Every structure is written in structure tokens, then in C-alpha cells.
Amino acid sequence: MSKQLDLPRLVLLDLWHHKWIVLLALLVMAHGVLVVYTSHVSRELTAEEARLMQERDRLNIEWRNLLLEEQSLAEHSRITRIATKELNMVRPLPNEEVVVRVP
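Residues numbered from 1 in each chain as written. Predicted model: local features only at pLDDT ≥ 70, side-chain atom pairs only at ≥ 80, totals over all residues. Heavy atoms only, no water.

A. Main features of the overall build of the chain. Within the chain, the secondary structure is distributed over three helices and zero strands. The N-to-C order of helical and strand elements in the chain reads α-α-α. In terms of overall dimensions, the chain is more spread out than a globule: its C-alpha atoms have a radius of gyration of 40 Å, far above the 13 Å expected for 103 residues. Its C-alpha atoms give the chain principal-axis dimensions of roughly 135 × 35 × 15 Å. Counting across all 103 residues of the chain, residues that qualify as buried make up 1%. (Helix = DSSP H or I, 4+ residues; strand = E, 2+ residues; numbered from the N terminus. Rg over C-alpha atoms; globule rule 2.2 N^0.38 Å. Buried < 20%, exposed > 50% of the residue type's maximum accessible area, 1.4 Å probe, protein only.)

Written as C-alpha cells, this is what we have:
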């Protein structure tokens, strides 16, 4: 009795016979791929977080510098100096002052 073996059919039958093992193997491989993908995304997000934190620090420093510049530009002595020298303004005498009363 020489019977020709149909190898693809035997393989499929064997796989069907061990379907739970095949399913578990596929699930393990899918899990591995998901672990790699999650690690990749996590690393990208960590790098993005570090970049954003550096940007935040840079913007905080710039904000502090702008506040200092605003304070120096708004100093009373500077405003008085510009008013007297560049705009030729003078402080009125007490008899030249006019008080406006709002009803």
C-alpha cells in the first residue's frame, strides 16, 4: 500500500488539531509586536516631553526678561526725564493747576 502523502493537507490537519496552541502562538507574537510599538511610542513621547520642558524653561526666562524690561521702561525717573528733555514738559505751578470735578 503505497499511498502518496499529501503534505500540505497533513500540515493543515495537524494545525487544526492543535488550534489552541496556534492561537496562543499568534497571540504571543501579536503581544510582542504591541510591546515593541508601545515602547517606541513611549520613547517618542518622553523625548517630546523633554523638548517641551526645555521650550517652557526658555519661555519662562524670556518672560522674566520682558518683565524686567517693562519695569525699567516704566520707572518714574525715566518717564520724568523723557517728559522734560524730549517733550519739553514741565510741572505746572500750584496756581496753574486746574481741578476737574466729576459730578
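B. Here's a closer look at the environment of Leu52. Structurally, Leu52 is set in helix H2 (residues 19-73). Counting along the chain gives 15 residues from Leu52 to Tyr37, while the straight-line C-alpha distance between them is 22 Å.

C. Structural view of unusual backbone geometry. You will see that Asn88, though not glycine, has its phi angle at about 55°, which is positive. The residue Asn88 is located in the segment after helix H3 (76-85) in this model.

D. Quick peek at the packing of aromatic side chains. Overall, the coordinates contain zero aromatic pairs when judged by the stated rule. Lys19 extends its terminal NZ or CZ atom over the ring of Trp16, reaching a point 4.3 Å from the ring centre. (Phe/Tyr/Trp six-rings, centres within 6.5 Å; stacked < 30°, edge-to-face > 60°. Lys NZ or Arg CZ within 6 Å of the ring centre and 35° of its normal.)

E. Examining the confidence of the model for the chain more closely. On average, residues of the chain score 90 in pLDDT, and 96% of them reach the 70 mark or higher. Of all the helices and strands in the chain, helix H1 (residues 7-17) carries the lowest mean pLDDT, 85, while H2 carries the highest, 96. (pLDDT = per-residue confidence, 0-100.)

F. Up close: the pattern of salt bridges. Taken as a whole, this structure holds four salt bridges when the rule is applied. A salt bridge links Arg56 to Asp57, with the nearest nitrogen and oxygen atoms 3.3 Å apart. Here Arg56 falls in the partly exposed class, since its relative accessible area comes to 43%. With relative accessibility at 37%, the residue Asp57 sits in the partly exposed group. Taking the shortest distance from any N to any O, the salt bridge between Arg58 and Glu62 comes out at 3.3 Å. Placement of both Arg58 and Glu62 in helix H2 is noted, with a separation of four residues, approximately one turn of the helix. Residue Arg58 is classed as partly exposed on the basis of its relative accessible area of 43%. Overlapping salt bridges bring together Glu55, Arg58 and Glu62 as one network. (Salt bridge = Lys/Arg side-chain N within 4 Å of Asp/Glu carboxyl O.)

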